[in-house]
Amino acid sequence: MSAARPEPGQGPVALALRVVLLLAYPVLSHVASLRNEGIWAAVALAGLVLLCLLEPLARLRIWAWAVLLAACALLWWLGGSAWAWMLLLAPPVVFPLLVAWGFARSLLPGQVPLVTRIVQALYARAGMPVTAALERYTRRLSGAWAGVLLTLALINLGLAMSAVPDGLLAAFGIQPWWPVTHEQWSWCANIADWGLIGGFFALEYAVRSQWFPQRPYRNAWDFMRQMGQLGPAFWRDLLR
């Protein structure tokens, strides 16, 4: 029997496109900051809009195509002004803040922490039990991720306020106490953020490997691969 075809917006091709768009955004945003050209900022933001709308676009939802076309037209119009670059200040603040809220919300009474749910799913696929010690660890790890992402969002907010000449404070005619250039902002918001997130992930994985040697994955790459195999339905339910 042939394998069932994935739903529109799902499957390996859609996943690869999401990864490409996700990786392309900080690169295009960094180029926009280095060149100080609004059109590059518009392209970076258009890619981000496409990433957010990918599934409804694949399902041929009229509203999604209308939003994409309207957003691209607006960004093209803004590309000749400083507003296009100013819009780049928002994603490094908004997206970490939203993800941090997702981790923090899962720690509320009656909720299962996000990392705990992921670990439970991975261990269930392998028929392995999740110990009480591992559940405690994953709960604390969920809180740690919330703290890390909230810290990044606050740092990026401070940088967005201090950017010159088109930062948040400068837009209201206020001279920042510690001004940073477009390039300096970008190196922090588009490059260093990813390095900090990757470093925290690597450090945490090393600690987890020492404390919990019995696990259903062989290494970090296998861990990431198995998380991807949990399927779109799992991740949609996780992020609700």
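Residues numbered from 1 in each chain as written. Predicted model: local features only at pLDDT ≥ 70, side-chain atom pairs only at ≥ 80, totals over all residues. Heavy atoms only, no water.

1. Some points on the overall build of the protein chain
Heads up, the condition is: Here a strand is any run of E in DSSP of at least two residues, a helix any run of H or I of at least four, and the numbering for each starts at the N terminus. Per-residue accessibility, obtained with a 1.4 Å probe over protein chains only, is compared with the maximum for each type, and a residue is labelled buried under 20%, exposed over 50%, and partly exposed between these values.
Scanning the protein chain from N- to C-terminus turns up 11 helices and 0 strands. Ordering the α and β elements of the protein chain from the N terminus gives α-α-α-α-α-α-α-α-α-α-α. Reported as C-alpha extents along the three principal axes, the dimensions of the protein chain are approximately 60 × 50 × 30 Å. Burial statistics for the protein chain: of 240 residues in total, 38% are counted as buried.

2. Remarks on the pattern of salt bridges
Rules: Within this document, salt bridges are pairs made up of a side-chain nitrogen of Lys or Arg and a carboxyl oxygen of Asp or Glu, the two lying within 4 Å of each other.
The full count for this structure, using the stated rule, is 4 salt bridges. Of the charged contacts in the structure, one is a salt bridge between Arg208 and Glu204, with a shortest N-O distance of 2.6 Å. With Arg208 and Glu204 both in helix H9 (residues 182-211) and 4 residues apart, the pair spans about one turn of that helix. For the pair Arg208 and Glu204, one class covers both residues: buried. A salt bridge links Asp222 to Arg218; the nearest nitrogen and oxygen atoms lie 3.9 Å apart. The exposed category is assigned to Arg218, whose relative accessible area is 64%. Beyond isolated ion pairs, a larger network of salt bridges with shared partners links Arg218, Asp222 and Arg225.

3. Concerning the packing of aromatic side chains
Centre-to-centre distance and the angle between the planes together describe a pair of aromatic rings. To keep things clear, this is the line we draw: Two rings from Phe, Tyr or Trp (for Trp, the six-membered ring) form a pair when their centres are within 6.5 Å of each other. A pair whose planes differ by under 30 degrees is stacked, one over 60 is edge-to-face, and the rest are tilted. Remark: a charge is flagged as sitting over a ring if the NZ atom of Lys or the CZ atom of Arg is within 6 Å of the ring centre and within 35 degrees of the ring normal.
Applying the stated criterion across every chain, the model contains 8 aromatic pairs. Geometrically, the ring pair formed by Tyr137 and Trp211 is edge-to-face, given 5.8 Å between the ring centres and 75 degrees between the ring planes. In this pair, Tyr137 sits in helix H7 (residues 132-162) while Trp211 sits in helix H9, placing the two residues 74 residues apart along the sequence. We classify Tyr137 as buried; its relative accessible area is 12%. Seen in terms of ring centroids, Tyr205 and Phe223 are 6.2 Å apart; in terms of plane orientation they differ by 40 degrees. Their pairing is tilted. Here the residue Tyr205 occupies a position in helix H9, and Phe223 occupies one in helix H10 (residues 220-228), the gap between them amounting to 18 residues. Just as Tyr205 is buried, Phe223 falls in that class too. Ring-pair connections join several aromatic residues into one group, and the members of that group are Phe201, Tyr205, Tyr217 and Phe223. Arg208 extends its terminal NZ or CZ atom over the ring of Phe223, reaching a point 4.7 Å from the ring centre.

4. A few points about a nonpolar patch on the surface
As a reminder of what qualifies: Grouping into patches uses exposed residues only, defined as over 30% relative accessible area, and leaves out salt-bridged ones; the cut-off is 9 Å for like charges and 5 Å for nonpolar side chains (Val, Leu, Ile, Met, Phe, Trp, Tyr). Every accessible area reported is derived by Shrake-Rupley at a probe size of 1.4 Å, with residue values counting cover from the shown protein chains alone.
The grouping of Leu97, Leu150, Leu154, Leu157, Met161 and Leu168 at the surface amounts to a nonpolar patch, some 460 Å² of accessible area in total. It is H7 that contributes the most residues to the nonpolar patch, 4 residues altogether. Its location among the elements puts Leu168 in helix H8 (residues 168-171).

5. A closer look at the confidence of the model for the protein chain
In low-pLDDT regions, the fine details of the predicted coordinates are not to be read closely. Here is the rule: Values of pLDDT, which run from 0 to 100, indicate the predictor's confidence residue by residue.
Considering every residue of the protein chain, the mean pLDDT works out to 86; 93% of them sit at 70 or more. Of all the helices and strands in the protein chain, helix H11 (residues 232-238) carries the lowest mean pLDDT, 71, while H7 carries the highest, 94.

6. Observations regarding the environment of Met224
For Met224, the position within the fold is in helix H10. Taking the C-alpha atoms as reference points, Met224 and Val93, separated by 131 residues in sequence, lie 25 Å from one another.

7. Remarks on helix H3 (residues 62-78)
To keep it simple, the criterion reads: Expected helix span is given by 1.5 Å per residue-to-residue step, counting one fewer step than there are residues. In what follows, a contact means two residues having at least one pair of non-hydrogen atoms within 4.5 Å.
The end-to-end C-alpha distance of H3 is 24 Å, a good match for the 24 Å that 17 residues give at a rise of 1.5 Å each. Those residues of H3 that are buried are in contact with helix H2 (38-58) and helix H4 (82-87).

8. Some words on the state of the cysteines
Selection rule: Any two cysteine sulfur atoms within 2.5 Å of one another count as a disulfide.
On inspection of all chains with the given rule, the structure shows 0 disulfides. Left unpaired, Cys52 is separated from the closest cysteine sulfur, that of Cys72, by 12 Å. For Cys72, a relative accessible area of 31% translates into the label partly exposed.

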